[in-house]
Amino acid sequence: MDTVDVNVTNANLERVLSVMDKFLAERYNESCACPRCRCDIAAIALNYLPPHYIVESATGREYGSPWVMVETAVTEAIDRVMENPNHPQSKASFVQPDADRSSPIMS
Ligand SMILES: [Zn+2]
């Protein structure tokens, strides 16, 4: 039996991830882009879009929702996650005022 390189995938997943990367690097470059937020954004965006499962093989990958729909979904998702992130809000990439006494242990 030949091993055939096929896979079931949601074509919109790849589109959402690439649009999300672009948006977070460009127009949303002040947003949190930690793994948790990225997963939340991707999940919300994918829920906006219709599922678009395809059998992925070497041929043809032009499937999925139109780019404009994907971009709208990702924009909505980023706005939602940034309004209400699933972790304590922190501007992790900026200087924290109390960085030198940073022990989080409560006594
Ligand atoms: Zn985050």
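Structure shown above.
Read on for an overview of the structure. (Residues numbered from 1 in each chain as written. Predicted model: local features only at pLDDT ≥ 70, side-chain atom pairs only at ≥ 80, totals over all residues. Heavy atoms only, no water.)

**Side note on the coordination of the zinc ion**
Each pair of donors in an ideal four-coordinate tetrahedral metal site encloses 109.5 degrees, whereas pairs in an ideal six-coordinate octahedral site enclose 90 or 180 degrees.
And step 1. Donor atoms from the polypeptide that coordinate the zinc ion comprise C32 (SG), C34 (SG), C37 (SG) and H87 (NE2), at 2.1 to 2.3 Å from the metal.
And step 2. Taken together, the 4 donor atoms surrounding the zinc ion define angles of 91 to 118 degrees at the centre, an arrangement classified as tetrahedral.
And step 3. Sequence positions of the donors to the zinc ion reduce to the motif C-x1-C-x2-C-x49-H.
And step 4. Of the residues examined, C32 reaches a relative accessible area of 24% and is grouped as partly exposed.
And step 5. Assessed through its relative accessible area of 0%, C37 is described here as buried. (Donors = N, O, S within 2.8 Å, 3.2 Å for Na, K, Ca; no water. Tetrahedral: all angles 85-135°; square planar, octahedral: opposite > 155°, others 65-115°. Buried < 20%, exposed > 50% of the residue type's maximum accessible area, 1.4 Å probe, protein only.)

**Some points on helix α3 (residues 67-83)**
And step 1. With 17 residues, α3 extends 24 Å from end C-alpha to end C-alpha; this agrees with the ideal 24 Å at 1.5 Å per step.
And step 2. Taken together, the buried positions of α3 are V70, A73, V74, A77, I78 and V81. Relative to the axis of α3, the buried residues are bounded by an arc of 135 degrees and lie together on one face. The exposed residues of α3 that point more than 90 degrees off its buried face are V68 and E83.
And step 3. Next to the buried residues of α3 lie α1 (11-25) and α2 (35-48). (Helix = DSSP H or I, 4+ residues; strand = E, 2+ residues; numbered from the N terminus. Expected span 1.5 Å × (residues − 1). Arc of directions from axis to C-beta. Contact = heavy atoms within 4.5 Å.)

**Let's talk about the side chain of D40**
And step 1. Turning to its location among the elements, D40 is positioned in helix α2.
And step 2. Apart from the residues within four sequence positions on either side, D40 is in contact with V81 and N86.

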